[in-house]
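What follows is each chain in one-letter form.
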Amino acid sequence: MYKVLLVDDQKLIRDGIKSLLGLSGKVDVVAECSDGTTVLEACKMHKPDIILLDLSMPVMNGVQTLDALKQAGSAIPVLILTTFDEHEMVLKSIALGARGFLLKDVSLDTLLDAIATLVGGGSCFAPNITERLLGAIRSNDAGEKSDFAMPAQLEALSDKELEILQLMAAGYSNKEIAAALFKSEGTVKNQCSAILSKLGVRDRTRAVLLALELGLIS
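Below or above, wherever it landed, is the structure these notes cover.

1. A short note on the nonpolar core
In terms of nonpolar packing, the biggest core is built from 68 residues, with L5, L21, I51, L52, L165 and M168 touching the most fellow members. No other element matches helix α10 (residues 204-214), which puts 6 residues into this core.

Dropping the structure here:
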């Protein structure tokens, strides 16, 4: 049984998700929070395997909650349940280490698969949301000198660079990547810069989204 912490300000949605997950026999919703203010306490008390997190909440929203989890050094994977109109918050959530995002009207089977994937150490980013985010970024960059156009000829990433890119997608800092791969922080910083250059992007969030679109990571 996967232990889930469900965070959403709307009780009707929490009840619906909890009921659906309960039908599977594979998931136990061990705690619920109506905003981010009690999430850290709930994590300490119930030790969930995964957090299902809404983004738009009063008092303390999903992005602020992710930031608090990151500051606390939490290793619990976070799956964002979002709507199409929250792309700016989704981008920020990726930068803060969210391991996946799905639409709130996702099927039970897809949600269960995502939970299993994240608990197992993987990530799950819905392709339709990724495409929407990429479109939003390109639209925002249109009036600037955009660095988010697909390179004419994409330079291949090495296996080690792909490994680093996967850790970037999981929200690891350069210091954390260095510790995980037994490298110096300076070496990792140089490799991250090389990855951005090869993908033709200027920051980690764009690198992760483009890598997802290209199927370089999952």
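2. Here's the deal with the side chain of D54
If you trace the backbone, D54 turns up in strand β3 (residues 50-54). Residue D54 is classed as buried on the basis of its relative accessible area, which comes to 2%. A polar contact is formed between the side chain of D54 and the side chain of K104, at a distance of 3.0 Å.

3. Comments concerning the pairing of strand β5 (residues 100-103)
The two faces of β5 match: G100 and L102 on one face and F101 and L103 on the other face are all buried. Looking at chain direction, strand β4 (residues 78-82) and β5 are connected through 4 bridges and run parallel. Across the sheet, the residue bridging to L81 is L102, located in β5. Inspection of the sheet shows β5 paired to strand β6 (residues 124-125) by 2 bridges, in the parallel sense. Across the sheet, residue G100 finds its bridge partner in β6, namely C124. Following the chain from β5 across helix α5 (residues 108-119) to the adjacent parallel β6, one finds a crossover that is left-handed.

4. Considering unusual backbone geometry
If you check the backbone angles, V59 has positive phi at about 70° while not being a glycine. In this structure, V59 sits in the loop between β3 and α3 (62-71). In the Ramachandran plot, F182 falls in the positive-phi region, its phi being about 55° despite a non-glycine side chain. Its place among the elements puts F182 in the loop between α8 (174-181) and α9 (185-199).

What counts, and where the lines are drawn
The numbering scheme is per chain: residues are counted from 1 as the chain's sequence reads. Local features are withheld for residues below a pLDDT of 70 in this predicted model, meaning they are given only at 70 or higher, and side-chain atom pairs are given and counted only at 80 or more; totals for whole chains, interfaces and linings count all residues. Remark: hydrogens and water are excluded; side-chain values derive from all non-hydrogen atoms of the structure. Only buried Ala, Val, Leu, Ile, Met, Phe, Trp, Tyr and Cys residues count toward a nonpolar core, and they belong to the same one when joined by side-chain atoms within 4.5 Å. Type-normalised accessible area, obtained with a 1.4 Å probe on protein chains alone, sets the label of each residue: buried when under 20%, exposed when over 50%, and partly exposed for intermediate values. To qualify as a helix, a DSSP run of H or I must reach at least 4 residues; to qualify as a strand, a run of E must reach at least 2; elements of each kind are numbered from the N terminus. Polar contacts, as used here, are pairs of N or O atoms within 3.5 Å; protein pairs need one atom able to donate a hydrogen and one able to accept it. Residues neighboring in sequence count only if both atoms are side-chain atoms. By definition, two strands form a pair when at least two bridges between them are found by DSSP. Clockwise travel from the first strand over the helix to the second, with the strands pointing away from the viewer, marks a crossover as right-handed.

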